[in-house]
Amino acid sequence: MVRIAVLASGSGSNAQRLIEHFAQHPQARVVLVGCDQPQAGVLQRAWDLGVPSLLFNGAQLKDGTVQRELQGQGIDLVVLAGFLRLIPAGLVRAFPQRIINIHPALLPKYGGKGMFGHHVHEAVVAAKEKESGITIHYVNERYDEGEHLFQAKCSVQADDTPDTLAARILEQEHRIYPQAIQFFAEGKLEVNGRKVIIKGHPRVGPAAIHNPPVTDF
Ligand code: GRF
């Protein structure tokens, strides 16, 4: 069983989707929700779904307490879902290519420090971009710079506000993130530099899936 920990700082709608998606999966399960904000909605969601949670502060993330807890609980894969703190280098080293994040824009544009949640969608709308989307990527010790695993695009309409765009992108996140994590947990992703292949997936040929047909899922 692949033991997944989800780290989140906010409402936790993605965390909920991940928990529900893997609840019956034969090979992977969300066994822990980690959170750095005592008031975050994700804690209630985890409670309601019967998943234990771990509340910690920034110092505990930096001093290795969180890392030891994840290792102590036999976590195989760390999935960030709206987690706003930088992952320290020690934690990245402890889980090599085992920490994945979702960003609500097409990285490398609109990423980096301070580019989270609403700030991202405000910047995309202000720049009058024609398209935005999601990027699912490995996490390294710099914000939003790890290797990309998946991207999926959606259009930005002329009359979009940051709110309407955020809603369209959140729907995309909910649909695609659990499926992408499932491919990873099942060992079906072959990552070779910028080339990512989903083994045995009928809709995806042996080609890079940067902006992949995951929109079909
Ligand atoms: C999502 O848009 C995610 O991409 C971003 O933060 C938001 C989290 O939403 N990193 P939720 O807490 O999962 O509802």
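You'll find the structure just up there.
Since we're looking at a predicted model, the values are computed, not measured.

### Here we look at the overall build of the protein chain
Step number 1: A tally of regular secondary structure across the protein chain gives seven helices and nine strands.
Step number 2: Computed over C-alpha atoms, the radius of gyration of the protein chain comes to 17 Å, within 12% of the 17 Å expected from 2.2 N^0.38 for 217 residues, which places it in the range of a compact globule.
Step number 3: In terms of principal-axis extent, the alpha carbons of the protein chain reach across some 45 × 40 × 30 Å.
Step number 4: With 217 residues in all, the protein chain has 48% of them scored as buried.
Step number 5: Partitioning the contacts of the protein chain with sequence separation of at least 6, the portion at a separation of at least 24 is 65%.
Step number 6: For the protein chain, the accessible area works out to roughly 10,300 Å², and carbon and sulfur atoms hold 51% of it.
Step number 7: Between the averaged position of the 22 positive side-chain charges in the protein chain and that of its 21 negative side-chain charges there is a distance of 4 Å.

### Description of the site of the ligand
Step number 1: Close to the ligand lie Ser 11, Gly 12, Ser 13, Asn 14, Gly 82, Ile 102, Pro 104 and Glu 173.
Step number 2: One of the side-chain N or O atoms of Glu 173 is found 2.6 Å from an oxygen atom in the ligand.
Step number 3: Surface burial for the ligand is 84%, taken as the share of its 370 Å² of free accessible area covered by protein chains.
Step number 4: Looking at the shell around the ligand, its residues break down into two nonpolar, five polar and one charged.

### Brief notes about the environment of Leu 84
Step number 1: For Leu 84, the location among the structural elements is in the loop between β4 (77-80) and α5 (89-94).
Step number 2: We classify Leu 84 as partly exposed; its relative accessible area is 42%.
Step number 3: Residues Leu 84 and Phe 116, 32 residues apart in the sequence, show an inter-C-alpha distance of 7.5 Å.
Step number 4: The residues touching Leu 84, leaving out its near neighbours within four places in the chain, are Ser 9, Phe 116 and Tyr 143.

Quick notes on the rules
- Residues numbered from 1 in each chain as written.
- Predicted model: local features only at pLDDT ≥ 70, side-chain atom pairs only at ≥ 80, totals over all residues.
- Heavy atoms only, no water.
- Helix = DSSP H or I, 4+ residues; strand = E, 2+ residues; numbered from the N terminus.
- Rg over C-alpha atoms; globule rule 2.2 N^0.38 Å.
- Buried < 20%, exposed > 50% of the residue type's maximum accessible area, 1.4 Å probe, protein only.
- Contact = heavy atoms within 4.5 Å.
- Areas by Shrake-Rupley, 256 points an atom, 1.4 Å probe, with all protein chains shown as cover.
- Lys, Arg positive; Asp, Glu negative; His and termini not counted.
- Charge placed at Lys NZ, Arg CZ, Asp CG, Glu CD.
- Near = heavy atom within 4 Å.
- Polar contact = N/O pair within 3.5 Å; in protein donor to acceptor, adjacent residues only side chain to side chain.
- Nonpolar A, V, L, I, M, F, W, Y, C, P; charged D, E, K, R; others polar.

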